[in-house]
Amino acid sequence: MATAKKNSRKGQGRLAGRVAWVSGGASGIGEGVAELFAREGARVAIADNRPAAARAVARRITATGGTAIALATDVANERSVARSIAATVKKLGRLDIVINNAGIVEIGDLHTHTEAQWDHVMGVNVKSMFFAFKHAFPHLRDATRGYVVNLGSISSFVGQARTPVYTTSKHAILGLTRSIALDYAAHGIRCNCICPGITETPMLWEHLNVRSDPRAALNERLNRVAMGVSLSPLDIAKTALYFSCEDSSGITGTSLTIDCGYLTAAEWQCTGPTAFQQPPKAP
Ligand SMILES: NC(=O)c1ccc[n+]([C@@H]2O[C@H](COP(=O)([O-])OP(=O)(O)OC[C@H]3O[C@@H](n4cnc5c(N)ncnc54)[C@H](O)[C@@H]3O)[C@@H](O)[C@H]2O)c1
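Fair warning: this is a prediction, and the values are worked out from it, not measured in the lab.

## Thoughts on the overall build of the protein chain
Along the protein chain, the regular secondary structure elements total nine helices and seven strands. Relative to the compact-globule value of 19 Å for 283 residues, the protein chain shows a C-alpha radius of gyration of 19 Å, a close match. If you line up the protein chain on its principal axes, its C-alpha atoms span 55 × 50 × 40 Å. Expressed as a percentage of its 283 residues, the buried residues of the protein chain come to 40%. Restricting the contact set of the protein chain to residue pairs at least 6 apart, pairs at least 24 apart contribute 74%.

Quick look at the structure:
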């Protein structure tokens, strides 16, 4: 039974035969991407600066018949990224997909920030994408079809209170996405950006947990969202999958906002329950 399950993934799925490098794959959205991509037949490298957590995700994927490796990686450090990508190619044989997902937030007013805090957020959120692209490029080119997916945010389009460096970094990612799309289309590489809204991950809860009633704080934020619900890592992973295969052929340099309607209105007050808060009726 176990063997049948294990074999059932081999050679199947929309990413069969592909290799994906997923930064920040040890938790939240990155973990969701790693799991979905493995289910779709990709061999996955989970690059994270929390190696024990990355190994746990890789073990879970392997236990259910997928192929995954964990790589201790600091995405803000070029040598570390270069080693991580080289190890991916050495252990998994090739590289087709780069998911630049690792990200951090620094909360505070700009005038209180240090240069080191600024550099740290910009390093993890933006410079990391330069490093990953630079070292992945020869492999993506060799694959003749390469896919780069950068994680932006609704903060790529609007300001959010007390996160000035994060907001700056997420705006910058749109520009970098367009530049890569333009300059590397000739090599068969497409580059797109995903901009999530309120997604339930450890990062989100870390920020909500400083409030006296975190669940009430989340619900208060969801009142500003048309659909009245939060997103799951899988919701975001499904779009990463779309951008990482030929389902999205012809799309490059663009961004896709997945926010349950958060940015649809300048102001919104959810006045009652929405149907999205209940499971759909069976057809
Ligand atoms: N959760 C949300 O509501 C939300 C909304 C919009 C955008 N995003 C973006 O999605 C991405 C993933 O966020 P998440 O919510 O899953 O966060 P998360 O904190 O749950 O996961 C982020 C992962 O990145 C890793 N990481 C952090 N610094 C690193 C470094 N220097 N090197 C390697 N790995 C590092 C962490 O160890 C962690 O595993 C981020 O880019 C974030 O900005 C999240």
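## With respect to the site of the ligand
Neighbouring the ligand are 28 residues, the closest being Gly24, Gly28, Gly103, Thr201 and Met203. Sorting the residues of the shell around the ligand by element identifies helix H2 (28-39) and helix H7 (202-208) as the ones contributing at least two each. Each residue belonging to the shell around the ligand can be placed in one class, and the counts come to 13 nonpolar, 12 polar and three charged.

## Regarding helix H3 (residues 51-63)
Compared with the 18 Å implied by 1.5 Å per residue over 13 residues, the 18 Å span of H3 between its first and last C-alpha is a close match. Buried within H3 we find Ala54, Val57, Ala58 and Ile61. Burial along H3 is one-sided: seen end-on, the buried residues are contained in an arc of 100 degrees. Exposed and facing more than 90 degrees away from the buried side of H3 are Ala52, Arg59 and Ala63. Packing partners of the buried residues in H3 comprise H2, strand S2 (43-48) and strand S3 (67-72).

## Looking at unusual backbone geometry
Positive phi, normally seen in glycine, also occurs at threonine 144, with a value near 70 degrees. Position of threonine 144 among the secondary structure elements: in the loop between helix H5 (115-143) and strand S5 (146-151). Although it is not a glycine, arginine 162 sits at a positive phi angle of roughly 60 degrees. Residue position: arginine 162 is located in the loop between S5 and helix H6 (164-184).

## Some details on the sheet that holds strand S7 (residues 255-258)
With parallel pairing, the seven strands of this open sheet are ordered in space as S3-S2-S1-S4-S5-S6-S7. The sheet is open, and its two borders are formed by S3 and S7, each paired with just one other strand. Shown here is a sheet whose adjacent strand axes are inclined to one another by a mean of 15 degrees, direction ignored. Relative to S2, strand S1 (residues 19-23) is paired through five bridges, and the arrangement is parallel. Paired with valine 22 across the two strands is isoleucine 46, which belongs to S2. Here H3 sits on the sheet in contact with S2 and S3, set at roughly 175 degrees to S3. Each of strand S4 (97-100), S5, strand S6 (189-196) and S7 is contacted by helix H9 (residues 233-243), which is oriented at about 165 degrees to S6, the strand it contacts most.

## Some details on the confidence of the model for the protein chain
Taken as a whole, the protein chain shows an average pLDDT of 95; of its residues, 96% reach a score of 70 or greater. Between residues 1-8, whose pLDDT stays under 50, and residues either more than four places distant or in other chains, the model counts three contacts.

## Describing the environment of serine 27
Structurally, the position occupied by serine 27 is in the loop between S1 and H2. Residues serine 27 and methionine 203, 176 residues apart in the sequence, show an inter-C-alpha distance of 8.9 Å. If near-sequence neighbours (up to four positions away) are discounted, serine 27 is found in contact with Ala53, Thr201 and Pro202.

## Here's the deal with the pairing of S6
Among the eight residues that make up S6, eight are buried, leaving the element largely enclosed by the rest of the structure. Here S6 shows a buried face lined by Ile189, Cys191, Cys193 and Cys195 and a second buried face lined by Arg190, Asn192, Ile194 and Pro196. Examined bridge by bridge, S5 and S6 share six bridges and lie parallel to one another. The residue of S6 that forms the bridge with tyrosine 147 is arginine 190.

## Observations regarding the environment of alanine 143
Among the structural elements, alanine 143 can be located in helix H5. Apart from the residues within four sequence positions on either side, alanine 143 is in contact with Arg94, Leu95 and Asp96.

## Re H2
Given a rise of 1.5 Å per residue, 12 residues ought to cover 16 Å, and the 17 Å separating the end C-alpha atoms of H2 matches this to within 8%. Taking burial as the measure, the 12 residues of H2 include 11 buried ones, the bulk of the element. Of all the residues in H2, the buried ones are Gly28, Ile29, Gly30, Glu31, Gly32, Val33, Ala34, Glu35, Leu36, Phe37 and Ala38. Of the residues flanking the end of H2, it is glycine 41, one or two places downstream, whose phi is positive at about 100 degrees.

Cut-off values and rules
Residues numbered from 1 in each chain as written. Predicted model: local features only at pLDDT ≥ 70, side-chain atom pairs only at ≥ 80, totals over all residues. Helix = DSSP H or I, 4+ residues; strand = E, 2+ residues; numbered from the N terminus. Rg over C-alpha atoms; globule rule 2.2 N^0.38 Å. Buried ≥ 20, exposed ≤ 12 C-beta atoms within 10 Å, placed from the backbone. Contact = placed C-beta atoms within 7 Å. Near = placed C-beta within 6 Å. Nonpolar A, V, L, I, M, F, W, Y, C, P; charged D, E, K, R; others polar. Expected span 1.5 Å × (residues − 1). Arc of directions from axis to C-beta. Pairing = 2+ DSSP bridges. Axes fitted to C-alpha atoms, helices over the stretch in contact; angles between N-to-C directions. pLDDT = per-residue confidence, 0-100.

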